[in-house]
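Structure assessment
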Amino acid sequence: MTDLVIRNGTVVREDGVDRMDVAVTGGRISAIGRGLSGARTIDADGLIVLPGGVDNHCHIEQPVSKNGASADTFATATASAAVGGTTSIVCFARQAEGETLARTVEAYREKASRSVVDHAFHVMIIDPRPEVLADELPAVVADGARSIKIFTAYDGQMLPDPQILDVLAVAKRTGAMVAVHAENHAAIKFRLAELLAAGRTDAFAHAESRPGIVEAEAVRRMITLSETAGHPVHLFHVTCDLAAEEIRRARARGVRVYSETCTHYLALTEDVLKGPMAEVAGFVCSPPMRPEADRRAVWRHLIEGTLDMVSSDHSSFRMDDPMGKLKTGPDTPFDKVANGMPGLATRLPVLFDMAVSAGRIGLERFARLTATNPAKLYGLYPRKGAVAVGADADLALWDPTKTVTLRGADLVSRAGYTPYEGRTVTGWPVLVLSRGDVVARDGRPEGAEGRGEYLPRGAYAWPELH
Ligand code: DUC
Ligand code: ZN
Ligand code: ZN
């Protein structure tokens, strides 16, 4: 017996958009068609039925960095994800110095057991000792944590090129995707020292300390290392024309490379950093927002297909917490402000407004950029990322006419603010289902803490993304 039928919605499938019914049985999509019936019915007339979002880049309950402590717990972050139409996340299990990777994954599985939506982990490798690469990494990959995150910048996190090649070799052997935060560490340090020596502590100096060339160099180098090792990489948060051009050129000569941008690089420019730190610290993230010409270029690269997906890079800090953004008071210097912004709740509504409501991108591509492509790249497809028979009934029912004015206080994240404060968006996920359960309704979370499941991932082929 069918548990639920979502009737007469505009259903966005991979191969078309039609008015149809979606039947749900045992938490999975059991049929898509017309005239279906079930024990319960949801009238989706006038609504768009999209796959629940898959957010492949979010930082939750990572340990205190020297500049702050993340505000959200897995419970609050995943409830905010649900409110914004996202039903699966791939977040990070961050290795502590000296820790075994098995312990790292176990610790994050425990923290994430309070999640509202389903979740998987990228293993963030901080300390690639020989035994970590030889034994521990293959073991956690085989156990289902089938992706790795590395950095080319940040003291205490970056890996030098020889170790990056070693990680790529293990990833190739074991079948793990490698995601990269790519910026040139030496260039950032050099510019930072120059700016501080000139007495600059203001927020805009953050943008000046790590311009697009700093990102583009590391993107190009990562492509070179990836090509050398014969294993693809996923370039996180591409923000500017120079970096996107490196990806476009690499693909043109036949290199397989994957890419993402984030909603904020499409919505905001570096101008948000022009103001007193006490007012603009909430916009400090890395890479920083860019000049308007880059924002436009990122749109062009997204539309032309250079960029494969749009993530949140959710990394939430409070403005008023001693371990939050303004750790040393209202004039905290830019290099001491914790990097990151809340984004799990707003990733999809802000993008839907700019992309679909504004007529830049159609519904099928929106679904690919926000759900199907990340699910395919991280081994969650076909269970996640598409409205298809046999998939989990992870669905976001969007009212394309509903307007909402965004307020941080309404968005569940403990950050307590949103970078889109006061922005009005058209289009909202009015009902969000995870495995057939309602997890958000009209902007309010409904899912029980701890109902989210861990998603171990088996071996899969590196996908062609469109
Ligand atoms: N930058 C990162 O590299 N990660 C989290 C958030 C941010 O701003
Ligand atoms: Zn990053
Ligand atoms: Zn990040």
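Residue positions are counted from 1 within each chain, in the order its sequence is given. Just so you know, chain letters begin at A and ligand numbers begin at 1, following the order they were written in. Reporting of local features is limited, given that this is a predicted model, to residues whose pLDDT is at least 70; pairs of side-chain atoms are given and counted only at 80 or more, and all residues count toward the totals for whole chains, interfaces and linings. Heavy atoms from the whole structure form the basis of all side-chain values; hydrogens and water molecules are not counted.

Let's shift gears to the overall build of the chain. We count a stretch as a helix when DSSP gives it H or I for four or more residues in a row; a strand needs E for two or more, and each element gets its number in order from the N terminus. A count of helices and strands for the chain gives 13 helices and 17 strands. A simple rule labels every residue: compare its accessible area, found with a 1.4 Å probe on the protein chains alone, to the largest value its type can have, and call it buried under 20%, exposed over 50%, or partly exposed in between. Among the 466 residues that make up the chain, the fraction classed as buried is 63%. A contact between two residues is defined here by any heavy atoms of the two lying within 4.5 Å. Expressed as a percentage of contacts within the chain between residues at least 6 apart in sequence, the contacts between residues at least 24 apart total 77%. Computed by Shrake-Rupley with a 1.4 Å probe, the accessible areas treat only the displayed protein chains as cover when residues are assessed. Summed over all atoms, the accessible surface of the chain reaches about 16400 Å², with 51% contributed by carbon and sulfur. The charged-residue count follows a simple rule in which Lys and Arg add positive charge and Asp and Glu add negative charge, with His and chain termini not counted at all. Charged side chains are reduced to one point each, which is NZ for Lys, CZ for Arg, CG for Asp and CD for Glu. Counting 53 positive and 59 negative side-chain charges, the chain places the averaged centre of each group 2 Å from the other.

Next up on the list: the coordination of the zinc ion (ligand 3). In this listing, donors mean N, O and S atoms no farther than 2.8 Å from the metal, or 3.2 Å for Na, K and Ca; water is missing from the atoms, so a site can look incomplete. The coordination sphere of the zinc ion (ligand 3) contains the protein donors His-57 (NE2), His-59 (NE2) and Asp-313 (OD), at a distance range of 2.0 to 2.1 Å. Within one chain, the residues serving as donors to the zinc ion (ligand 3) are arranged as H-x1-H-x253-D. In this structure, the zinc ion (ligand 3) lies 3.4 Å away from the zinc ion (ligand 2). A relative accessible area of 0% means that His-57 is categorised as buried.

Another aspect to go through is empty space enclosed by the protein. In this analysis, the protein atoms alone were mapped onto a 1 Å grid. Cavities are point sets where a 1.4 Å probe fits without being able to get out; pockets are open sets with protein on both sides within 12 Å along at least five of seven lines; lining residues have an atom within 4 Å of a point. Grid points are joined across faces, edges and corners, and a volume is the space filled by probe spheres set on the points. If you walk through the whole model with that rule in mind, you get three cavities of 30 Å³ or more. Residues are grouped as follows: Ala, Val, Leu, Ile, Met, Phe, Trp, Tyr, Cys and Pro are nonpolar; Asp, Glu, Lys and Arg are charged; every other residue, Gly included, is polar. Here the residues of the lining of the largest cavity are counted per class, giving five nonpolar, eight polar and no charged.

Listed as protein donors to the zinc ion (ligand 2) are His-181 (ND1) and His-237 (NE2); their distances from the metal cover 2.1 Å. Classification of His-237 by relative accessible area gives buried; the value is 2%.

What follows is about the site of ligand 1. What surrounds ligand 1 is the set His-59, Tyr-154, His-181, Cys-285, Ser-286, Asp-313, Ser-315, Asn-339 and Gly-340. One of the side-chain N or O atoms of His-181 is found 2.9 Å from an oxygen atom in ligand 1. Between ligand 1 and the protein, one listed contact pairs a nitrogen atom with a backbone N or O atom of Ser-286 at 2.8 Å. When the free accessible area of ligand 1 is taken as 240 Å², the share hidden by the protein chains comes to 93%. The residue inventory of the shell around ligand 1, partitioned by class, reads two nonpolar, six polar and one charged. Distances are taken per atom, and a residue is near a molecule or strand as soon as one of its heavy atoms is within 4 Å of it. Here a polar contact is recorded for every N or O atom pair within 3.5 Å, except that within protein the pair must consist of a potential hydrogen donor and a potential acceptor, and residues adjacent in sequence are included only if both atoms are side-chain atoms.

A separate point is the packing of aromatic side chains. The geometry of an aromatic ring pair comes down to the distance between the two centres and the angle between the two planes. Geometry of aromatic contacts follows a simple scheme: Phe, Tyr and Trp rings, the Trp one being its six-membered ring, pair when their centres are within 6.5 Å, and the pair is stacked under 30 degrees between planes, edge-to-face over 60, tilted otherwise. Inspection of the entire model under this criterion finds eight aromatic pairs. Between Phe-92 and Phe-236, the aromatic rings sit 6.1 Å apart at their centres with planes inclined by 80°, giving edge-to-face as the arrangement. On the criterion of sequence distance, the pair formed by Phe-92 in strand 7 (residues 86-94) and Phe-236 in the loop between strand 11 (233-235) and helix 8 (241-252) is long-range, its members being 144 residues apart. Taken as a pair, Phe-92 and Phe-236 share a single burial class, namely buried. With centroids separated by 5.1 Å and ring planes inclined at 85°, the aromatic side chains of Tyr-460 and Trp-462 adopt a geometry described as edge-to-face. Judged by relative accessible area, which is 22%, Trp-462 ranks as partly exposed. Here the aromatic cluster, defined as three or more aromatic residues joined through ring pairs, consists of Tyr-108, Phe-121 and Tyr-454. Between Lys-111 and the ring centre of Tyr-108, over which it is positioned, the NZ or CZ distance is 4.2 Å. Lying over the aromatic face of Trp-299, Arg-360 brings its terminal NZ or CZ to 4.1 Å of the ring centre. Cation placement over rings: the criterion is NZ of Lys or CZ of Arg within 6 Å of the ring centroid and within 35° of the ring normal.

A few words now on the domain arrangement of the chain. The accessible area lost on association of the parts is a frequent measure of interface size. Note that the domain bounds reflect an automated or database-derived domain assignment. Split by domain assignment, the chain resolves into domain 1 (4-50 + 387-403 + 415-445) and domain 2 (52-377). Using only C-alpha atoms to locate each centre, domain 1 and domain 2 end up separated by 28 Å. The partner domain 2 presents 40 residues to the 36 residues of domain 1 that form the contact. Roughly 2800 Å² is buried in total at the junction of domain 1 and domain 2, and carbon and sulfur atoms are behind 64% of that figure. Note on terms: buried area is the combined drop in 1.4 Å-probe accessible area of two parts once they are placed together, counting the loss on both. Counting the surface domain 1 buries against domain 2, the share from its top three residues, Ala-415, Tyr-417 and Tyr-420, is 24%. Salt bridge criterion: a side-chain nitrogen from Lys or Arg within 4 Å of a carboxyl oxygen from Asp or Glu. For the pair domain 1 and domain 2, the number of links is two salt bridges. Across the pair Asp-118 and Arg-435 runs a salt bridge, and its minimum N-O distance is 2.6 Å. At the boundary of domain 1 with domain 2, the tally comes to nine residue pairs in polar contact (both at pLDDT 80 or more). Elements represented by at least two residues in the side of domain 1 that touches domain 2 include exactly strand 1 (4-13), strand 2 (16-25), strand 5 (48-51), strand 14 (395-405), strand 15 (424-434), strand 16 (437-441) and strand 17 (444-445). With nine residues, the single largest contributor to the side of domain 1 that touches domain 2 is strand 15. Class assignment for the residues of the side of domain 1 that touches domain 2 results in 20 nonpolar, eight polar and eight charged.

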